[in-house]
Amino acid sequence: MSDPAIQVEHASLAYRLARSSSGTAKEYVIQLMKRQVSYEQLWALSDVSFMVHDGEVLGIVGPNGAGKSTLMKMLARVLPPTDGRVVVRGSVAPMIELGAGFNTELTGFENIVMYGTLLGRTPQLMRDRAEEIAAWADLSDYLDVPIRSYSSGMLARLGFSVATDTEPDVLIVDEVLSVGDAAFQQKSSERMRKMIANGASVVLVSHNLDTVRAIANRAIWLDRGKIVSEGDPEEVVGEYERSVS
Amino acid sequence: MTSTYYDSDKARRPLVSEIQNIWINRSLIRLIVGRDLTVRYKRSILGVWWTFLNPLLTTGVMWIVFGQFFRFEIDGGATPYIVYLLSGILLITYFAQATLAAGSAIVNSAGVLTKVYVPPEVFSFSAAAAAAANFMISLIILLVVQLVTGVGIPWTLVLVPIPVVAMLALTAGLGLLIASAAVRFFDVIDFTGVLIQAISYLTPTFYPLSIVPDSWLWLIRLNPLYSYLSVFRAWVYQGTMPAAWSFTYMMLTAVVALALGVWVFSRSWKSLVVVL
């Protein structure tokens, strides 16, 4: 068996919360002198371990504040683990809060190039692909318009279209399946399915439990930063559902 | 697509990793610099002319006050005061803009850094590089003034990119130092603004070095910006070679600032990103 696409070993992540929050250095120094600075470690994830093999679809469920988004950001390399280890093999398409770095003063075309380059593609590739990316998002007529005149739905479509334009080895999806209107949702979930069929590994966070049941072939229930249970999506999701109702 | 293999255990090699990251992301940096230059003026009437107008206005007023009221003379009147003044103002403006922009770049890019993986130092470096590009554009007015006043353009102009790149290293390094603190405390940026103003007055931009009493010369010499300005002036209009110590001090401070900034920043990034 080849190495797993994603390997998470005893990973933990702490956010440091200053109890008496000091926004400025002056306040900080004053509080430091009064010995009032106390930090609270908030463990968003503690001792999480799992693997995702090639072509596997892992669904992650859990209540708000369970650490799902933190985990996604850790896999996307945005947040380095405080303890433990994360290994991701292959190209990654992080579909977390799409449209990072969109600049409202720039045109659709310029934003496609910028966003794609931020995702690690070359500007040349993005310039070549821009027309098709816009066409796929039904935005061909708006390519040369500053995106400040786009609606939020148009922005979301553009973000999705750029992020999924090339086929990644690993897809990290955080609640972005509900982008755009019904027709676009249809189109975007088709594209996701095609990527999965082509062998991409997927980690998927969704509050839509039916989606998780339908696409995932394994699931993890996360609560307060810990894995509660892991296994068959039908069982794990069922367990989670019973716990909330 | 981010890199094809990520292991959080693989330690970043300080300095080496950062320089690699800058090189790997060079097309992204070019893109960000281009965006900074265009977006800044996109919704203004004067557009890119602000690049010229800003230093020209400052220089105009200071020329009246210090050139006409105070009657400062440079090299016993051999060098037109306006050339001396403008060259100083342009370089100091470059320093101030680059340092502040590089220092606030990380905080300003939080929206990107918390969503996709991009080596954070790329943003500080891009911000400083945008200021450098702006400086190169504004250099045109200095050259025009040199021609108009009969100073001319010496061949040493081709060496000017050396102090420009040294300044880029200095400001990127300082910017990373500031950014390490600014992520936690927003007022560090304001404080930096005050410091920059203070150090600008200690640089002979608008006054001749001859008015500085001997007992205070050490303070001017200690100021790294004086060495940058000396080298820049020597090559941009004097057509001479700068004093060896100026050049050495310039290169030394550039390398030290960059190394220190990168080192401090890469050590603290892991604890910074969670508060971003």
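Calculation criteria
Residues numbered from 1 in each chain as written. Chains lettered and ligands numbered in written order. Predicted model: local features only at pLDDT ≥ 70, side-chain atom pairs only at ≥ 80, totals over all residues. Heavy atoms only, no water. Helix = DSSP H or I, 4+ residues; strand = E, 2+ residues; numbered from the N terminus. Contact = heavy atoms within 4.5 Å. Areas by Shrake-Rupley, 256 points an atom, 1.4 Å probe, with all protein chains shown as cover. pLDDT = per-residue confidence, 0-100. Buried < 20%, exposed > 50% of the residue type's maximum accessible area, 1.4 Å probe, protein only. Pairing = 2+ DSSP bridges. Axes fitted to C-alpha atoms, helices over the stretch in contact; angles between N-to-C directions. Parallel < 35°, antiparallel > 145°, perpendicular 65-115°, else oblique. Left-handed = near helix turned anticlockwise from the far one by under 90°. Nonpolar A, V, L, I, M, F, W, Y, C, P; charged D, E, K, R; others polar. Buried area = accessible area lost by both parts, 1.4 Å probe. Salt bridge = Lys/Arg side-chain N within 4 Å of Asp/Glu carboxyl O. Polar contact = N/O pair within 3.5 Å; in protein donor to acceptor, adjacent residues only side chain to side chain. Expected span 1.5 Å × (residues − 1). Phe/Tyr/Trp six-rings, centres within 6.5 Å; stacked < 30°, edge-to-face > 60°. Lys NZ or Arg CZ within 6 Å of the ring centre and 35° of its normal. Core = buried A, V, L, I, M, F, W, Y, C linked by side-chain atoms within 4.5 Å.

Participant: What am I meant to see in the overall build of chain B here?
Facilitator: Check the secondary structure of chain B and you find eleven helices and one strand. The order of helices and strands in chain B, counted from the N terminus, is β-α-α-α-α-α-α-α-α-α-α-α. Considering only C-alpha atoms, chain B reaches an extent of 65 × 45 × 35 Å along its principal axes. When contacts within chain B are restricted to residue pairs at least 6 apart in sequence, those whose partners lie at least 24 apart make up 77%. Working note: accessible area of chain B is about 12800 Å², and carbon and sulfur atoms make up 70% of it.

Participant: I'm lost on the confidence of the model for chain B in this one. Help?
Facilitator: Fine structural detail should not be taken from predicted coordinates in areas where pLDDT scores are low. All names here are of chain B. Of the residues in chain B, 98% have a pLDDT of 70 or more, and the chain-wide mean is 91. The least confident element of chain B is strand β1 (residues 5–7), whose mean pLDDT is 84; the most confident is helix α10 (residues 224–238), at 97. Reported for the predicted complex are a pTM of 0.89 and an ipTM of 0.85.

Participant: Help me understand the environment of V144(B) in this model?
Facilitator: Residues and elements named next belong to chain B. If you trace the backbone, V144 turns up in helix α6 (residues 121–148). We classify V144 as partly exposed; its relative accessible area is 43%. Sequence separation between V144 and V83 is 61 residues; the distance between their C-alpha atoms is 10.0 Å.

Participant: Any chance you could explain the pairing of strand β5 (residues 92–95) of chain A here in plain terms?
Facilitator: Residue and element names in this part refer to chain A. Of the two faces of β5, both are covered, the one formed by V92 and P94 as well as the one formed by A93 and M95. Relative to strand β6 (residues 170–174), β5 runs parallel, the two being bridged by four bridges. Looking across to β6, one finds that A93 is bridged to L171.

Participant: What should I look at first to understand the side chain of K73(A) in this one?
Facilitator: Along the chain, K73(A) falls in helix α2 (residues 68–75). Sequence-distant contacts of K73(A), defined by excluding residues within four places in its chain, comprise V78(A), L79(A), I96(A), E97(A) and T114(B).

Participant: When you look at unusual backbone geometry in this model, what are you seeing that I'm missing?
Facilitator: What is expected of a backbone is that most residues other than glycine have negative phi and most peptide bonds are trans. For H10(A), which is not glycine, the phi dihedral falls at a positive 45°. The residue H10(A) is located in strand β1 (residues 6–18) in this model.

Participant: Sorry if this is basic, but what is going on with the packing of α6(B) against helix α7 (residues 161–182) of chain B here?
Facilitator: Residues and elements named next belong to chain B. Contact geometry of α6 with α7 gives a least axis separation of 9 Å together with a crossing angle of 140°. Comparing the axis directions of α6 and α7 gives the class oblique. For α6 against α7, the interelement crossing comes out right-handed. Two secondary-structure elements touch here, α6 through E121, S124, F125, A128, A129, A132, F135 and M136 and α7 through V164, L168, T171, A172, L176 and A179. Across the contact of α6 with α7, the residue classes break down as eleven nonpolar, two polar and one charged.

Participant: Even after reading the chapter, I still don't get the interface of chain B and chain A, so can you show me in this structure?
Facilitator: The parts lose accessible area when they come together, and the size of an interface is often stated as this lost area. With 34 residues of chain B at the interface, the matching set in chain A holds 51 residues. Together chain B and chain A conceal approximately 3900 Å² of surface at their shared face, both sides included; 60% is due to carbon and sulfur atoms. The salt bridge involving R85(A) is made with D7(B); its shortest N-O contact spans 2.5 Å. Joining chain B to chain A, the criterion identifies five residue pairs in polar contact (both at pLDDT 80 or more).

Participant: I tried to follow α6(B) on my own but got confused; where do I start?
Facilitator: In an α-helix, one full turn covers 3.6 residues, which means residues spaced three or four apart are oriented alike. Residue and element names in this part refer to chain B. With 28 residues, α6 should reach 40 Å at 1.5 Å per residue; the first-to-last C-alpha distance of 41 Å fits that figure. Among the 28 residues that make up α6, 20 are buried, leaving the element largely enclosed by the rest of the structure. Directly beyond the C-terminal end of α6, a positive phi value near 80° is found at G150.

Participant: Which parts of the structure should I look at to understand the packing of aromatic side chains?
Facilitator: Between two aromatic rings, the relevant description is the distance of the centres plus the angle of the planes. If you walk through the whole model with that rule in mind, you get 19 aromatic pairs over all chains. For the cation-ring pair, R77(A) lies above Y117(B), with the distance from its terminal atom to the ring centre recorded as 3.9 Å.

Participant: When you look at the environment of A179(B) in this model, what are you seeing that I'm missing?
Facilitator: Examined against the element boundaries, A179(B) turns out to sit in helix α7. Considered as a pair, A179(B) and V107(B) are 72 residues apart in the sequence and their alpha carbons are 7.4 Å apart.

Participant: Could you clarify how one ought to interpret the pattern of salt bridges in this entry?
Facilitator: Side chains bearing opposite charge may pair, as long as their charged atoms lie close to each other. All told, the structure shown has 16 salt bridges over all chains when counted by the stated rule. Salt-bridge contacts for R129(A) lead to E132(A); the nearest nitrogen and oxygen are separated by 3.2 Å. Of the two residues, R129(A) and E132(A) are both situated in helix α4 (residues 123–136); the distance of three residues between them amounts to about one turn of the helix. Its relative accessible area of 24% is what places R129(A) among the partly exposed residues. Among the ionic pairs, D36(B) bridges to R35(B), the shortest N-O distance being 3.8 Å. For D36(B), a relative accessible area of 23% corresponds to the partly exposed category.

Participant: Explain the packing of helix α4 (residues 81–108) of chain B against α7(B) here, please?
Facilitator: Think of two packed helices as two axes; the pair is described by the angle between the axes and how far apart they sit. Residue and element names in this part refer to chain B. Running from N to C, α4 and α7 cross one another at 35°; their axes reach a closest spacing of 7 Å. In terms of crossing hand, the pair formed by α4 and α7 is right-handed. Mapping the contact onto sequence places L91, Y94, F95, A98, T99, A102, G103, I106 and V107 in α4 and V164, M167, L168, L170, T171, L174, G175, I178, A179 and A182 in α7. Residue classes in the contact of α4 with α7 are distributed as 15 nonpolar, four polar and no charged.

Participant: Would you mind going over the nonpolar core with me for this structure?
Facilitator: Within soluble globular proteins, side chains that are nonpolar generally end up buried alongside one another. In this structure, I6(A), F50(A) and Y94(B) are the most contacted members of the largest nonpolar core, which totals 158 residues. If you tally residues by element for this core, the top one is α4(B), at 16 residues. Residue contacts for Y94(B): discarding those within four places in its chain leaves A128(B), A131(B), A132(B), F135(B), V164(B), M167(B) and L168(B).

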